Amino acid sequence: MQSNDARLLLHAAVPTVAAGAVAVAVSGLVAGVTGAIGGVVGTVLVLLVMGAGLFALQQTAKKLPQLFQMMGLLLYTVQILFVLVFLIAFKDTTLFDTKAFAFTLLAATLVWIAAQTRGHMKAKILYVDPDSAKAETAETAGSPT
């Protein structure tokens, strides 16, 4: 993982963890222990799904840049389907409060997307590799005589 990739992941994960901690505290106050557990499960699910998606998208961008946009669309569809399967599997659970889980999931997802967008906008990512431009200029320059 390159340093800018790790930085982007960090810039998205830290605010999501902070929002998840707030959601766990609020859920614990409102719904008790099961609410706090629902908040933790929601936060962890967002971190795993969105983190894995970001990692997969970065790997695709490095190896197959021509498929980047299609992979991004496919990735978001798979993420939504994965969360949907999780919601269906645990819709009648008594392990955690489902409302606290749902609100935490929504809040953490929105925070992740906002933080990832902000991190990407602030990243200083070069569009052209300066080293390759210098090498190309040296090859085409030729002899002046």
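This one's a predicted model, so the numbers in the text were calculated from it and none came from an experiment.

(A) Structural view of the overall build of the protein. Check the secondary structure of the protein and you find five helices and zero strands. Tracing the protein from N to C terminus, the helices and strands come up as α-α-α-α-α. The burial tally for the protein puts 28% of its 145 residues in the buried class. Taking as baseline every contact in the protein between residues at least 6 positions apart, the subset at least 24 positions apart corresponds to 75%.

(B) The arrangement of the nonpolar core in detail. Leu45, Val46, Val83, Phe101, Leu105 and Trp112 are the most contacted members of the largest nonpolar core, which has 15 residues in total. When residues of this core are assigned to their parent elements, the largest contribution, five residues, is made by helix H2 (residues 33–63). Leaving out residues up to four positions away in the same chain, Leu45 has contacts with Phe82, Val83, Phe86, Phe101 and Leu105.

(C) Representation of helix H4 (residues 98–122). With 25 residues, H4 extends 36 Å between its outermost C-alpha atoms, agreeing within 8% with the 36 Å of an ideal straight helix rising 1.5 Å per residue. Ala100, Phe101, Thr104, Leu105, Ala108, Trp112, Ala115, Gln116 and Gly119 are the residues of H4 that are buried.

(D) Representation of the packing of H2 against H4 in the model. Between H2 and H4, the shortest axis-to-axis distance is 8 Å and the interhelical angle comes to 35°. Crossing geometry of H2 relative to H4 is assigned as right-handed. The residues of H4 that touch H2, namely those facing Gly35, Gly38, Gly39, Val41, Gly42, Thr43, Leu45, Val46, Leu47, Met50, Gly51 and Leu54, are Ala100, Phe101, Thr104, Leu105, Ala108, Thr109, Trp112, Ile113 and Gln116. Looking at the contact of H2 with H4, its residues break down into twelve nonpolar, nine polar and no charged.

(E) Representation of a nonpolar patch on the surface. A grouping of Val22, Val26, Leu29 and Val30 is seen on the molecular surface, where their side chains present a nonpolar patch of about 450 Å² in accessible area. As for its position among the elements, Leu29 is in helix H1 (residues 3–31). For Leu29, a relative accessible area of 76% gives the class exposed.

(F) Spotlight on the packing of H2 against helix H3 (residues 68–89). As a packed pair, H2 and H3 sit with axes 10 Å apart at the nearest point and diverge in direction by 160°. With respect to their mutual orientation, H2 and H3 come out roughly antiparallel. In the packing of H2 onto H3, the handedness of the crossing is right-handed. Across the interface between the two elements, Val41, Leu45, Val49, Met50, Gly53, Leu57, Thr60 and Ala61 from H2 touch Phe68, Met71, Gly72, Leu75, Gln79, Phe82, Val83 and Phe86 from H3. For the contact of H2 with H3, the per-class residue count stands at twelve nonpolar, four polar and no charged.

(G) Looking closely at the packing of aromatic side chains. Per the stated rule, a full pass over the model turns up four aromatic pairs. Considering the side-chain rings of Phe86 and Phe90, the 4.6 Å spacing of their centres and the 35° angle between planes classify their relative orientation as tilted. On the basis of relative accessibility, which here comes to 30%, the residue Phe90 falls in the partly exposed class. The structure contains a cluster of three or more aromatic residues connected by ring pairs, namely Phe86, Phe90, Phe96 and Phe101.

Cut-offs applied
As a convention, each chain's residues are numbered from 1 in the sequence order in which they are written. Given that this is a predicted model, residues contribute local features only at a pLDDT of at least 70 and side-chain atom pairs are listed and counted only at 80 or more, while totals for whole chains, interfaces and linings are drawn from all residues. To obtain the side-chain values, all non-hydrogen atoms of the structure were used and water was disregarded. The way it works is that DSSP assigns letters per residue, a run of H or I at least four long becomes a helix, a run of E at least two long becomes a strand, and they are numbered from the N terminus. The buried label applies to any residue whose accessible area, calculated with a 1.4 Å probe on protein chains only, is under 20% of its type's maximum; exposed applies above 50%, and partly exposed to all values in between. Throughout, a contact is declared for two residues whenever any of their heavy atoms are within 4.5 Å. Within this scheme, the nonpolar core is defined by two criteria: the residues are buried Ala, Val, Leu, Ile, Met, Phe, Trp, Tyr or Cys, and they are joined through side-chain atoms within 4.5 Å. Here the expected length of a helix is defined as 1.5 Å per residue gap, with one fewer gap than residues. Simply put, an axis is a line fit to the C-alpha atoms, just over the touching stretch for a helix, and the angle between two N-to-C directions goes from 0 to 180 degrees. For any helix crossing, the convention is left-handed if the near helix is rotated counterclockwise from the far helix by under a right angle, and right-handed if that rotation is clockwise. Gly is put with the polar residues, along with every residue not named as nonpolar or charged; the nonpolar set is Ala, Val, Leu, Ile, Met, Phe, Trp, Tyr, Cys and Pro, and the charged set is Asp, Glu, Lys and Arg. Only residues whose relative accessible area exceeds 30% and that take part in no salt bridge are eligible for patches, with like-charged residues grouped when within 9 Å of each other and nonpolar side chains (Val, Leu, Ile, Met, Phe, Trp, Tyr) grouped when within 5 Å. Shrake-Rupley sampling with a 1.4 Å probe provides the accessible areas, and residues are treated as covered by the protein chains on show and by no other component. Put simply, a salt bridge is a Lys or Arg side-chain nitrogen that is within 4 Å of an Asp or Glu carboxyl oxygen. We call two directions roughly parallel when the angle between them is under 35 degrees, roughly antiparallel when it is over 145, roughly perpendicular when it lies between 65 and 115, and oblique otherwise. Two rings from Phe, Tyr or Trp (for Trp, the six-membered ring) form a pair when their centres are within 6.5 Å of each other. A pair whose planes differ by under 30 degrees is stacked, one over 60 is edge-to-face, and the rest are tilted.

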